[in-house]
Every structure is written in structure tokens, then in C-alpha cells.
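# Breakdown of the fold
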Amino acid sequence: MGLSEGAEIFIGSIVEKCVSIIIPCYNEEEVIRTTLDRLTAFCSSQPDYAFELLFVDDGSSDRTPALLRQAAVDDARVRVLYFARNFGHQIAVTAGIDASTGDAVVLIDADLQDPPEVIAGMLEKWRDGYDVVYATRISRPGESAFKLFTARAFYRVLNRLSEVPIPLDTGDFRLMSRPVVEVLKNMPERHRFVRGMVSWVGFRQIALPYERAERFAGTSKYPLRKMLRFATDGILSFSVKPLQVSIAMGLISALFAMIGIIYALGLRMFTATWVEGWTALMIAVLFLGGVQLLSLGIIGEYIGRIYTEVKQRPLYIVRETIGFSENGAAEHSAACPTSATARTRK
Ligand code: UDP
Ligand code: MG
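Residues numbered from 1 in each chain as written. Chains lettered and ligands numbered in written order. Predicted model: local features only at pLDDT ≥ 70, side-chain atom pairs only at ≥ 80, totals over all residues. Heavy atoms only, no water.

## Regarding the coordination of the magnesium ion (ligand 2)
Which entries qualify depends on this criterion: Shown as donors are all N, O and S atoms within 2.8 Å of a metal ion, widened to 3.2 Å for Na, K and Ca; because water is not in the atom set, sites may appear incomplete. Throughout, exposure labels follow a simple rule: accessible area from a 1.4 Å probe, protein chains only, divided by the maximum for the residue type, with under 20% read as buried, over 50% as exposed, and the rest as partly exposed.
For the magnesium ion (ligand 2), the full set of protein donor atoms is Asp 111 (OD) and Gln 113 (OE1), at a range of 1.9 Å. The exposure classification of Asp 111 matches that of Gln 113, with both residues buried.

What follows is the structure, encoded as C-alpha cells:
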């Protein structure tokens, strides 16, 4: 009996699972230290798993790069990718996914709005056999009424439009198993809406409700302009319904135009007061012009996307790495030991 117990412990330590935690950072000097402390404390509370903490510096202009350099010196689990410029949150997350080596990958924000302790629940669900565990916000303190309202509306509209159901009130805070990560790595699209892409992949997915915290320090790196781009990416990447809407509008306006034409012809032929159609004429011209411009705009958005796709530029440029050897694999033993990684994604 003693022998079999020993064997079990031995096997247990051999098959220790490795989890990559990906943290995109853009000018987060105020929070980095605390985030690291919380993350390392969390890792220590999970003796059954090995961790790699993969930071992606998204072209920060403050002290974030230097703080991450120090973090990598202090803790062998820390690996860092430095982008050549700011590429945006979704691309930073993508680079982390590409470079990760763990059996599971967790995406988390740097500002502690997603409490690291929630990952424990994700790991449990992963152990139960789920491939994607996405954290769903029960509450969102510290956000403006405007952000709350627009986010709520956005997820509902998106779900009406998208052919893949995308979970409501869910950010990128989630765990994904290696098979899902491998599929994501093979999705080369440029306008990335990661949470939608993960839903599209399928596999066994489950929600994990949590209370979202307030931003620990610093300000949101998502101004309204970035939020609008992000929302547009979400809708246009997951739906062609806007094109159908423009067709429907075209049809409806054509119908009205037909009625108008018959009416105008009738006036011209059977009455003497046919000059008096000016108001109707203006309305028809303006209405049709508006509908046409809108439809052109929608088509233009899609064509613009086709243009960025065909250019085939790399998705991001890494200027420096810490914790990766020359061939891109994890450098030190503490990081997950397998799999080579691409520096510049084609
Ligand atoms: N972020 C990034 N690049 C950007 C903007 C944001 O890597 O261009 C990171 C940011 O450092 C944070 C995460 O994305 O870790 C979420 O950003 P933020 O908390 O500012 O967004 P919010 O929670 O306000 O939506
Ligand atoms: Mg935040």
C-alpha cells in the first residue's frame, strides 16, 4: 500500500499541468507591482500546477517596460514580449496566446479588475473537462453609467446579429485548453474580436460568474474611440447582417420610389398642377441619397477589411523578448517546457 501511494505521488509530480497566464499591459506602471504580487500569491496557492506569467507590453511609454524587466529578474515564471508599438489590447492578447506554452491559457487584465483568485474556479472547471471557462460579470462597480449601458446594449445587439452565440456580459477573462489555443493560433484574421473567436471555436464551454472589481489604479486604456472600433470589429467580424440591412433598406426605398413615380406621372398626365411636387421630390431625393450613402458605407467597411486582410502584414511586431531562447521556446525551466513559438505572426 505504501508503495502504491509513493507511485501515485511520483506520477502526480510528473504530470503536473502548466498554466500560462497572459497579461496585456499598456501604460500600467501604477498597477504592475500589485498585480504581480496578487498573481504570484495566487500561483503559490495552487501547488498542483506550474505557471508561466506571460506579460505582453503593448508599446507602453511609461515605466511599465522597466518594471516588467525587473519582474522577470525577480521571478523565473515571468516572461515578457515587448511590442514595437501600441497594437491594441486584442492583438496583445493574440501575441500572448501565440507564445504561450501551457496546457491551459488564462487571459486576464493587468488592472486587477479580474481578480486572479477567480482562476482557481476556472482550473476546477478545466479539471472537470471543460475546454473554455469564461468569466461572466455579475456586477461591475466603478464603471460609468454610460459604459455600463453601452456595453449591455452592445452584447445584446451583437447576439442578435451574430450567427455564433456570444455570451452576454463577458470580457476576455477566461481559461482555454491547449486544443482551443491551437485552433485560435490558426485563425489569422486581422480585425480580432477574441471573445467572439473563442465562442466560434466550439468545444465544451461554460460560464463562471464573478464580481468584477474596480480598476486598482490608473485610468482606462479604452477611450470611447477605441471602444467604438472594438464594437465595430465585433459586429462586422461576426455578421454580414449589416449588408442585408442595407439591401432591405434599398428595397423599401425602391418601393416608395415606385409609388412616388406613379404618383408623379399621374399628376403630370391628369392634372394641371404638376409643378407642385417639389417637396415630395426633395424628400425622395434626400431619402434615397441617404440610404445609398449608408449602404455604400457599410459595403466600404467590409471592403476595407478585405483590403487589410489581403495585405498580409504581420499582426504584430515583437521588438524584444525576455524568457525566450533564440528559437522562441521558453528559456528557463520554470516556464512551461514545450512548444516553439513564433515571434512575428504571419
Ligand atoms: N490594453 C492594452 N493595449 C491597449 C489598451 C489596453 O494592452 O491599447 C490592456 C490594458 O493594459 C489592460 C487591458 O488591456 O490590461 C484592459 O484595458 P482597460 O482596463 O484599460 O480597459 P477597461 O477595463 O477600461 O475596458
Ligand atoms: Mg480595466
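Having seen the model, we can carry on.
## Details of helix H3 (residues 64-74)
So the rule is basically this: By the criteria applied, helices consist of DSSP H or I runs no shorter than four residues and strands consist of E runs no shorter than two, each listed in order from the N terminus. Each C-beta atom gives one direction from the helix axis, and the arc is the one those directions make. Two residues qualify as a contact provided that any one of their heavy atoms is within 4.5 Å of a heavy atom in the partner residue.
The complete set of buried residues in H3 reads Thr 64, Pro 65, Leu 67, Leu 68, Ala 71 and Ala 72. Projected down its long axis, H3 carries its buried residues within an arc of 160°, all on one side. When the buried face of H3 is taken as reference, the exposed residues oriented beyond 90 degrees from it are Val 73 and Asp 74. Structurally, H3 contributes buried residues whose contacts are with strand S1 (17-25), helix H2 (32-44), strand S2 (49-57), strand S3 (78-83) and strand S8 (318-322).

## Regarding the site of ligand 1
Defined as follows: Being near a molecule or strand, for a residue, comes down to having at least one heavy atom within 4 Å of it. By the criterion applied in these results, polar contacts are pairs of N or O atoms within 3.5 Å in which, for protein atoms, one can donate a hydrogen and the other can accept it, and in which residues neighboring in sequence qualify only through two side-chain atoms. What sets the accessible areas is the Shrake-Rupley method with a 1.4 Å probe; for residues, cover comes only from the shown protein chains. Three residue categories are used. Nonpolar comprises Ala, Val, Leu, Ile, Met, Phe, Trp, Tyr, Cys and Pro, charged comprises Asp, Glu, Lys and Arg, and polar comprises the others, including Gly.
Neighbouring ligand 1 are 19 residues, the closest being Glu 28, Asp 58, Asp 111, Ser 220 and Lys 221. A distance of 2.8 Å separates an oxygen atom of ligand 1 from a polar atom in the backbone of Pro 24. Interatomic distance of 2.6 Å between a side-chain N/O atom of Asp 58 and a nitrogen atom of ligand 1. For ligand 1, whose accessible area on its own is 530 Å², the fraction buried by protein is 96%. Across the shell around ligand 1, the residue classes tally to 5 nonpolar, 5 polar and 9 charged.

## Looking at the pattern of salt bridges
What counts is decided by this rule: In the sections that follow, a salt bridge refers to a side-chain nitrogen of Lys or Arg positioned within 4 Å of a carboxyl oxygen of Asp or Glu.
Using the criterion set out here, one finds 18 salt bridges in the structure. Across the pair Glu 28 and Lys 221 runs a salt bridge whose closest N-O atoms are separated by 3.7 Å. One end of the pair, Glu 28, is in the loop between S1 and H2; the other, Lys 221, is in the loop between strand S7 (205-211) and helix H9 (224-238), with 193 residues separating them in the sequence. You'll find Glu 28 and Lys 221 in the same group, each marked buried. Residues Glu 117 and Arg 38 are paired through a salt bridge, measuring 3.1 Å at the closest nitrogen-oxygen approach.

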